[in-house]
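So you can see what is in the structure, the chains are spelled out below.
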Amino acid sequence: MKNEHYPTLFSPIQIGSMTIPNRVTMVPTDISSANADGSVNPRVVTYHEEIAKGGCGFIIVGATTPDKVTGRPTVTCLAADEDPLIPGLAHLAEAMHRHGAKCAVQIQHPGRQAAWPRKNLMSASDHVLDVPGSAGHEVIYAESIAQGKSIRAMTVEEIYDLIEKFGEAAWRVQQAGFDSVELHGAHGYLISQFMSPFVNKRNDRFGGSFMGRMRFTMEIVSRMQMKCGKDYPLGIRYSGDEWIEGGRTLDETVKVAKLMEDMGLAYVDISAGIFESPGAVMDPMYYPEGWNTYTAEEVKKHVKIPVITSHSLRNPDYCEKIVAEGKTDMVGMCRQLIADPYWANKARAGNKRDIRRCISCLVGCWQESLMIRRDMRCAINPAVGDERFIHLQPAGKACKVAVIGGGPAGMEAARISALRGHKVTIFEKTGELGGAMLCCCTVPGKSKMRWHADWLRQQVEKLGIEVKYRTEPKAKDLEGFDVVLLAAGGRVVKPDIPGIDLPIVTTFEDVLRCKSTKCEYYPAGKIEPVECGDNVLIWGDHFGAADAAERLGSAGKKVTVVTENRDFAEWMEPVHRDVMLKRFACGNGEGLKSKTYKHPVRIIPSSSILKIKKDGTVLIVNSTFERSEVKTDTVVLAKVEPNDGAYESFLEAGLTVVKIGDSKNVRNVRGAVTDGANVALAIEKDAALNANNELISNLPTGIDFVVRDA
Ligand SMILES: Cc1cc2nc3c(=O)[nH]c(=O)nc-3n(C[C@H](O)[C@H](O)[C@H](O)COP(=O)(O)O)c2cc1C
């Protein structure tokens, strides 16, 4: 029966001998959550099983190494290099098959991009690598100078040894009951190192001409076919364009697809970029939906085997359109299914509004996990890596919860508390929910943040959570509540310097305030944003500063940023930072077509502001006490500290109060959402503050709470 909402997306497709129930693919995602020996564990099973339950038709398990001694893309990736790993892989396949999905494993050797080992890395060529956006980025010790890691070209003997290991790994995956194997030839990992003219500088049979560069891949394909049989469906993922001078481009991508079809491959999965072009590989928030679709569309004109496209696909309407128009056979999603594993079911049921759309922040899944050698998390879906949230336990006895502040921490805490049966009231001092996320609405490339604000606002409505707008309660107003969560966000620091009260001084919050009356949540009487002059000085080094620079720079202003740190935005997720700095220099992220700046953004590091004069001159001092002046029309304050002023008075009044989100410690959306989710799990009628002033409940029977000091 045809699906009434998305008939093409939810129609079956044949890939080689596999019949896939629909066109939704989980493109490979290394969740770096396996055991240290690369074996499957319950976390790996649960992650993939939820996606299968969620209705995804084809699940390609992420990078799995054929040889963990010479290369793991992440320290706890899966491995398929020993027979004793087969039973665990079989459990994984069964878990997905139970829910009707077909599944594959992507075999990948990271070569130069290995997270482990850290030294003596193999590649097609011999060079020094410095790609800080990758998970296998060079390790920078606290006290050493970044030097990049040295890479050595593989010997021909090593190449043949590894080809055999790829073949063996595919055979193990087949033995485990998987329906298919995918080769990872994208993103600057080993196969792509051989395929890429930018990386491969060999002059033997594995380099040089197109066929020379393809030899490694072709030999692996032949070896896999020999071990698994020619009918076993193999696919390959590789980048449609490497987005780097001297790299592979779309013309060659088409040639590769034809070659792979001729060799008997069952499908091609077209990705983007190598890690020297990080924006294309990991498309941060800046990238619009489907910016990479054109590559699949071109490949499809030249081959008959199915084509998968991916990158920033989030909206089922767009996905239906590109499949229906024949631009691709299947849509691929990685981060979207991290943020919401039930995407396919929600789309099929016509429940698009309920989809928790991935905001492409890369904070939970990349910066704070794979890049620093930890297992994968998600900034907006706390259930990733923490299965307590998948099957939420109702509270023992419902209680009354007050949430002070309706930003991401407050709304997430309210959502999970309400799901557990508590009666929740949010007190929000402005006329709308969203908190700091709303500052992103007017920032080019950051408006996806609003998706999450909207999703949380909808959940608050759906769960019937009471919201008191334009209210800042005092301790006495909160007496009837069992638990109070202080989620009041951050506040802008106002330095005590001459001129700080001049009318040319404003805050990033005032500059970035949105004024879209089209927004369904736009409150009546909202104050208009502050207009800035042509020359703007921003003081600070957090999201407020970066977003104000982006907003004003792209509007053609001359922007100067003064940071107290050695460099600006070192805390930022590195792929976003890479794109942002390229834009600050009047360039752009790879493949990004958004409007570029008229003037470069000037950054003044290791400095602070000393005085603001009436004529707009700002006196600046650096860390060696040298002074300089910058002439500006507007000064934007963008340094933020926790807004926790009410905390002590709440504690003194005897309230059970905890700080969450930026009120506790100024961080990012992940910090806020995780705090909100965690505290909501601890809320029970008998919850109390422990000696660290954190909320605890459920201590073993017989252990008494010492609630608080007299
Ligand atoms: C946490 C994480 C792990 C990834 N692991 C893999 C992988 O193992 N193999 C691969 O080909 N791509 C991997 N990718 C890239 C994604 O498959 C995908 O191409 C990219 O994230 C853009 O698509 P999206 O917008 O759907 O996330 C990974 C990306 C992320 C964020």
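Along every chain, residues carry numbers that run from 1 in the direction the sequence is written. Residue-level local features of this predicted model are given only where pLDDT is at least 70; pairs of side-chain atoms are given and counted only at 80 or more, and the full residue set underlies all totals for whole chains, interfaces and linings. With hydrogens and water set aside, each side-chain value is computed from the structure's full complement of heavy atoms.

### Things to note about unusual backbone geometry
The phi torsion of most residues other than glycine is negative, and most of the peptide bonds are trans. Residue Pro117 is bonded to the preceding Trp116 through a cis peptide linkage, with omega at 0°. Position of Pro117 relative to the elements: it lies in the loop between β6 (102-107) and β7 (121-123). A positive phi angle is found at Arg470, which is not glycine, with a value near 50°. Here a strand is any run of E in DSSP of at least two residues, a helix any run of H or I of at least four, and the numbering for each starts at the N terminus. Assignment of secondary structure puts Arg470 in the loop between β17 (466-469) and β18 (483-486). Remark: exposure states derive from per-residue accessible area (1.4 Å probe, protein chains only) relative to the maximum for the residue type, with buried under 20%, exposed over 50%, and partly exposed in between. Taking relative accessible area as the criterion, Arg470 reaches 53% and is therefore assigned exposed.

### Description of the pattern of salt bridges
The rule for a salt bridge is simple: a side-chain nitrogen of Lys or Arg has to be within 4 Å of a carboxyl oxygen of Asp or Glu. In total, this model carries 53 salt bridges according to the counting rule given. One salt bridge connects Glu158 with Arg152, and the closest N-O pair in it is separated by 2.8 Å. With a closest N to O distance of 2.8 Å, Asp547 and Lys446 form a salt bridge. Here Lys446 lies in the loop between β16 (423-428) and α14 (449-462) and Asp547 lies in helix α16 (residues 543-554), a separation of 101 residues in the sequence. For Asp547, a relative accessible area of 4% gives the class buried.

### A closer look at helix α2 (residues 86-97)
Note: α-helices contain 3.6 residues per turn, so residues at a spacing of three or four share the same orientation. Here the expected span of a helix is defined as 1.5 Å times the quantity of residues minus one. A rise of 1.5 Å per residue sets the reference length of α2, with its 12 residues, at 16 Å; its end C-alpha atoms lie 16 Å apart and thus fit the reference within 8%. Buried residues of α2: Ile86, Gly88, Leu89, Ala90, Leu92, Ala93, Ala95 and Met96, and no others. When checking whether two residues touch, look at their non-hydrogen atoms; a contact exists if any pair is within 4.5 Å. On its buried face, α2 sits against α1 (42-53), β4 (58-65), β5 (78-79), β6 and α3 (156-175).

### Some thoughts on the environment of Lys558
Among the secondary structure elements, Lys558 is positioned in strand β22 (residues 558-562). Between the C-alpha atoms of Lys558 and Phe275, which are 283 residues apart in sequence, the distance is 31 Å. Not counting residues up to four positions away in its chain, the partners in contact with Lys558 are Asp534, Asn535, Val536 and His599.

### So, the site of the ligand
If a single non-hydrogen atom of a residue is within 4 Å of a molecule or strand, that residue counts as near it. Neighbouring the ligand are 24 residues; Ala63, Gln106, Arg237, Ser312 and Arg335 lie closest to it. Residues adjacent in sequence count toward polar contacts only when both atoms are side-chain atoms; beyond that, a polar contact is any pair of N or O atoms within 3.5 Å, and within protein one must be able to donate a hydrogen and the other to accept it. With respect to the ligand, the backbone of Asp30 contributes an N or O atom lying 2.9 Å from a nitrogen atom. His184 places a polar side-chain atom, nitrogen or oxygen, 3.1 Å from an oxygen atom of the ligand. Contact with the protein chains covers 98% of the free accessible surface of the ligand, which is 610 Å². With residues, only the protein chains shown are counted as cover, and all accessible areas are computed by Shrake-Rupley using a 1.4 Å probe.

### A few points about the domain arrangement of the protein chain
Domain start and stop positions are those given by an automatic or database domain assignment. Each assigned domain of the protein chain is listed here: domain 1 (13-358), domain 2 (395-489 + 643-696) and domain 3 (532-641). Placing a centre on the C-alpha atoms of domain 1 and another on those of domain 3 gives a separation of 38 Å. On the domain 3 side, the residues contacting the 15 residues of domain 1 number 13 residues. The junction of domain 1 with domain 3 conceals about 1100 Å² of combined surface from both sides, 71% of it contributed by carbon and sulfur atoms. Two parts placed together each lose some accessible area; with a 1.4 Å probe, that loss summed over both constitutes the buried area.

### Description of the packing of aromatic side chains
Two rings from Phe, Tyr or Trp (for Trp, the six-membered ring) form a pair when their centres sit within 6.5 Å of each other. Planes less than 30 degrees apart are called stacked, planes more than 60 degrees apart edge-to-face, and all others tilted. Taken as a whole, this structure holds 12 aromatic pairs when the rule is applied. Note on Tyr160 and Phe206: the rings are 5.6 Å apart at their centroids and 70° apart in plane angle, and the pair reads as edge-to-face. Taken together, the positions of Tyr160 in helix α3 and Phe206 in the loop between α4 (190-195) and α5 (210-228) put the pair 46 residues apart, joining distant regions of the chain. Their ring planes at 5° and their centres at 6.2 Å tell us that Phe275 and Trp366 sit as a pair that is stacked. Here Phe275, found in the loop between β12 (267-271) and α7 (278-282), pairs with Trp366, found in helix α12 (residues 363-367); they are 91 residues apart in sequence, far enough to count as distant. Residue classification places Phe275 among the buried positions, given a relative accessible area of 3%. The class of Trp366 is buried, set by a relative accessible area of 8%.

### Here we look at the sheet that holds β17
Across the sheet, which stays open at both edges, the 5 strands sit in the order β17-β16-β15-β18-β29 with parallel pairing between neighbours. Every interior strand has two partners, whereas the edge strands, β17 and β29 (657-659), have only one. Shown here is a sheet whose adjacent strand axes are inclined to one another by a mean of 20°, direction ignored. Direction of pairing for strand β15 (residues 400-404) relative to β18: parallel, over a ladder of 4 bridges. Within β18, the position partnered with Val401 by the bridge is Val483. When DSSP locates at least two bridges between a pair of strands, those strands are taken to pair. The convention used is that axes are lines fitted to C-alpha atoms, helices contributing only their stretch in contact, and that angles between N-to-C directions extend from 0 to 180 degrees.

### Quick word on the sheet that holds strand β25 (residues 617-622)
Sheet architecture is open: 3 strands sit in the order β24-β25-β26, paired in antiparallel fashion. The sheet is open, and its two borders are formed by β24 (607-612) and β26 (627-631), each paired with just one other strand. The mean inter-strand angle of the sheet, taken between neighbouring strand axes irrespective of direction, is 35°. By the bridge criterion, 5 bridges tie β24 to β25 in an arrangement that is antiparallel. In the strand pairing of β25, Ser608 is matched with Val621.

### Side note on the side chain of Thr217
By the element assignment, Thr217 lies in helix α5. Here Thr217 is in contact with Leu183, Ile191, Met195, Ile236 and Met260, once residues within four sequence places are set aside.

### Considerations on the side chain of Asn588
Locating Asn588 in the fold gives a position in the loop between α17 (574-584) and β23 (602-604). Within polar-contact distance, the side chain of Asn588 engages the side chain of Arg583 at 3.1 Å. From its side chain, Asn588 meets the backbone oxygen of Leu592 in a polar contact 3.3 Å long.

### Comments concerning the environment of Ala170
When you line up the elements, Ala170 lands in helix α3. For Ala170, a relative accessible area of 0% puts it in the buried group. With 55 residues separating them in the primary sequence, Ala170 and Gln225 have C-alpha atoms 9.0 Å apart. Sequence-distant contacts of Ala170, defined by excluding residues within four places in its chain, comprise Ile107, Val181, Met224 and Cys228.

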